[in-house]
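# Report on the structure
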Amino acid sequence: MSVSYKPLVERFDIPRPTLIEWQKRAVGDRENWRVKHLEYLRTQLIVEQETLLEIKQKAAPSSEDLFILCIYLFFYNISHYISKDELRRGLRSFALEPRNGVEYQHEFAQRIWSLRIGDDSNKRIVNYYRIFDLLDRLSVAQYALLLRFSLEYITHTKKRYQIETKNFLAEKTWQELHMYDKAFSLKVIEEFFSKKGLF
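Right, let's walk through the structure included here. Just so it is clear, the structure is predicted and the values come from calculations on it, not from any experiment.

## Examining the overall build of the protein
- Across its full length, the protein carries 10 helices and 2 strands.
- Secondary structure of the protein in N-to-C order comes out as α-α-α-α-α-α-β-β-α-α-α-α.
- Once the C-alpha set of the protein is aligned to its principal axes, its extents read approximately 70 × 35 × 25 Å.
- A sequence separation of at least 24 residues applies to 66% of the contacts in the protein between residues at least 6 apart.
- Measuring between centres, the 32 positive side-chain charges of the protein sit 4 Å from its 27 negative side-chain charges.

## Points about the packing of aromatic side chains
- One pass over the full model with this rule turns up 24 aromatic pairs.
- Ring geometry for Phe108 against Tyr180: centres 5.9 Å apart, planes inclined by 75°, an arrangement best described as edge-to-face. With Phe108 in helix α6 (residues 107-112) and Tyr180 in helix α9 (residues 174-183), the pair connects residues that are 72 residues apart, well separated along the chain.
- With a relative accessible area of 3%, Tyr180 lands in the buried category.
- Between the aromatic rings of Tyr128 and Phe132, the centroid separation amounts to 5.0 Å while the plane-to-plane angle is 70°, which identifies the pairing as edge-to-face.

## Here's the deal with the packing of helix α5 (residues 84-96) against helix α7 (residues 129-137)
- In the contact formed by α5 and α7, the axes pass within 11 Å of each other and the chain directions differ by 175°. With respect to α7, the axis of α5 lies roughly antiparallel. Contacts between α5 and α7 involve Lys84, Leu87, Arg88, Leu91 and Arg92 from the first element and Ile131, Phe132, Leu135 and Asp136 from the second.
- Taken together, the residues of the contact of α5 with α7 break down into 5 nonpolar, no polar and 4 charged.

## A word on the nonpolar core
- Grouped together as the largest cluster of nonpolar side chains are 52 residues, with contacts concentrated most on Phe94 and Phe184.
- At the level of secondary structure, the elements contributing two or more residues to this core comprise α3 (33-59), α4 (63-75), α5, α6, α7, α8 (140-161), α9 and α10 (186-195).
- The element best represented in this core is α4, accounting for 10 residues.
- Ranked by size, the runner-up nonpolar core spans 8 residues in total, among them Leu8, Trp22, Leu41 and Leu45.

## Remarks on α8
- Between its first and last C-alpha atoms α8 spans 31 Å; for 22 residues at 1.5 Å apiece the expected length is 32 Å, and the two agree.
- Two residues or fewer after α8 comes Gln162, characterised by a positive phi angle close to 50°.

## Observations concerning the packing of α8 against α10
- Between α8 and α10, the shortest axis-to-axis distance is 11 Å and the interhelical angle comes to 125°. Put simply, α8 runs oblique to α10. Here α8 runs over α10; the crossing is right-handed. Within the contact between the two elements, α8 uses Phe149, Ser150, Glu152, Tyr153, His156 and Tyr161 and α10 uses Val188, Ile189, Phe192 and Phe193.
- For the contact of α8 with α10, a count of residues per class yields 7 nonpolar, 2 polar and 1 charged.

Conventions adopted
- Counting restarts for each chain: residues are numbered from 1 in the order of the written sequence.
- Selection of residues for local features in this predicted model requires a pLDDT of at least 70, selection of side-chain atom pairs for listing and counting requires 80 or more, and totals for whole chains, interfaces and linings are taken over all residues.
- Excluding hydrogens and water, the side-chain figures rest on all heavy atoms present in the structure.
- A helix here means a DSSP run of H or I that spans at least four residues, while a strand means a run of E at least two residues long, and both kinds are numbered starting from the N terminus.
- Any two residues whose heavy atoms approach within 4.5 Å at even a single point are treated as in contact.
- His is not counted here, nor are the chain ends, while Lys and Arg score as positive and Asp and Glu score as negative.
- Charge positions are represented by NZ for Lys, CZ for Arg, CG for Asp and CD for Glu.
- Stacked, tilted and edge-to-face are the three classes assigned to paired rings of Phe, Tyr and Trp, where Trp is represented by its six-membered ring and a pair needs centres within 6.5 Å; plane angles under 30 degrees give stacked, over 60 edge-to-face, the rest tilted.
- Think of it in three bands: residues with accessible area under 20% of the maximum for their type are buried, residues over 50% are exposed, and the middle band is partly exposed, with areas taken using a 1.4 Å probe on protein chains only.
- Simply put, an axis is a line fit to the C-alpha atoms, just over the touching stretch for a helix, and the angle between two N-to-C directions goes from 0 to 180 degrees.
- Any angle from 65 to 115 degrees is called roughly perpendicular, while one under 35 is roughly parallel, one over 145 is roughly antiparallel, and all others are oblique.
- The classification used treats Ala, Val, Leu, Ile, Met, Phe, Trp, Tyr, Cys and Pro as nonpolar, Asp, Glu, Lys and Arg as charged, and all other residues, Gly among them, as polar.
- Buried residues of nine kinds, namely Ala, Val, Leu, Ile, Met, Phe, Trp, Tyr and Cys, make up a nonpolar core once their side-chain atoms join them within 4.5 Å.
- Multiplying one less than the number of residues by 1.5 Å gives the expected span of a helix.
- By convention, the crossing between two helices is left-handed when the near helix turns anticlockwise from the far helix through less than a right angle, and right-handed when the turn is clockwise.

What follows is the structure, given as structure tokens:
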């Protein structure tokens, strides 16, 4: 029987020859750790695909939701799993902390800090409420998958656009802000997450 290794290679970055060797062991020794690990990885792929369908049917994040989530992860250089509660606390703190400076008048900054407070157009916060609603709709498995996709987006974006940040937007040039705007455009976000099967 023919076995497709491509999904395993793409998802887990395991070389195809290694997977073929593990599969050969499956014939003679079902108790070998490699055989059990290969079986686990295949099951994991199936579970992830079903979880992705659940997200699309029940929680369906918008590109704006993903923009805010990814911006938060980018600004805080988060590269690993964090719990829902930790994300809520951090996002609330990030969203409500006032930001001043000419950089925060740029169109890109206005997309992030989009909600005006009162009549003062200079006082703005991040619209984090939608992310909280999204988190309430997601199971832990669904959240973990969405977070993994978002972290992959950050890694991909940093590499593709050669961007980093240490102090949010402070002291960024207009050219750098334009590059951020391009890297985190809704179109780019939609294209990336569409390839993941989310849209």
